[in-house]
Amino acid sequence: MASVGMSNGLPTLPDSSSQLSCLVKDVSYPMNLSWRQRAACRGVDPDIFYPASDEDAEPAKAICDQCDVRQACLEFALANRERDGIWGGATERERRRITRQRRKSA
Ligand code: SF4
């Protein structure tokens, strides 16, 4: 498993063995982040969530498809304008599309 550290803007959860693969930033943030504890990507190699291309995103998306907190994860990424990685089963390109669609319908 790849090592994950704060240099990548990663969180350190109370139990370091439960660190998320989806790499939620450790920020002073008013949003409730308790959903991270139920993430399906816990313990999974974080590199999977940073594919070289969208075509290589399927392994991460398959994990996200099984995740109970997918929507919360996606909303977090959208709210924080996460640019890299797979969040809530969506690539950066897909998140940009979601953001555009929401702006249009607002
Ligand atoms: S939706 Fe995907 S990236 Fe987000 S917490 Fe679940 S498994 Fe991790």
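Residues numbered from 1 in each chain as written. Predicted model: local features only at pLDDT ≥ 70, side-chain atom pairs only at ≥ 80, totals over all residues.

### Re the overall build of the protein chain
Then comes step 1: The helix and strand tally for the protein chain stands at 3 helices and 0 strands.
Then comes step 2: Starting at the N terminus, the α and β elements of the protein chain follow one another as α-α-α.
Then comes step 3: Expressed as a percentage of its 106 residues, the buried residues of the protein chain come to 28%. (Helix = DSSP H or I, 4+ residues; strand = E, 2+ residues; numbered from the N terminus. Buried ≥ 20, exposed ≤ 12 C-beta atoms within 10 Å, placed from the backbone.)

### Observations concerning helix H3 (residues 92-105)
Then comes step 1: With 14 residues, H3 ought to run about 20 Å at 1.5 Å a step, and its terminal C-alpha atoms sit 20 Å apart, in line with that.
Then comes step 2: Counting buried positions along H3 yields 1 of 14 residues, so the element is predominantly exposed. (Expected span 1.5 Å × (residues − 1).)

### Brief notes about helix H2 (residues 70-79)
Then comes step 1: Residues of H2 that are buried include every one of Cys73, Leu74, Phe76 and Ala77, and no others. In a view along the axis of H2, the buried residues occupy a sector of 160 degrees, so they form one face of it. Across from the buried face of H2, at angles greater than 90 degrees, the exposed residues are Gln71 and Ala79.
Then comes step 2: Buried residues along H2 sit in contact with H3.
Then comes step 3: Looking one or two residues past H2, Arg81 carries a phi angle of roughly 50 degrees, positive in sign. (Arc of directions from axis to C-beta. Contact = placed C-beta atoms within 7 Å.)

### A few points about unusual backbone geometry
Then comes step 1: Positive phi outside glycine occurs at Arg81, with the angle close to 50 degrees.
Then comes step 2: Look at Arg81 and you get exposed, because 10 C-beta atoms sit within 10 Å.

### Remarks on the nonpolar core
Then comes step 1: Core analysis: the largest hydrophobic core is formed by 17 residues, its most contacted members being Ala60, Cys67, Cys73, Ile86 and Trp87.
Then comes step 2: Counting only elements with at least two residues in this core, the list comes to helix H1 (58-65) and H2.
Then comes step 3: It is H2 that contributes the most residues to this core, 4 residues altogether. (Core = buried A, V, L, I, M, F, W, Y, C linked by C-beta atoms within 7 Å.)

### A closer look at the confidence of the model for the protein chain
Then comes step 1: On average, residues of the protein chain carry a pLDDT of 80, and 72% of them reach 70 or more.
Then comes step 2: Per-element mean pLDDT across the protein chain ranges from 96 in H2 up to 98 in H1.
Then comes step 3: Every residue in residues 1-19 scores below 50 in pLDDT, and together they form 24 contacts with partners more than four places removed in sequence or on other chains. (pLDDT = per-residue confidence, 0-100.)

### Some details on the environment of Ala62
Then comes step 1: Secondary-structure assignment places Ala62 in helix H1.
Then comes step 2: In the structure, Ala62 is positioned 27 residues away from Gly89 in sequence and 7.9 Å away in space, judged by C-alpha atoms.

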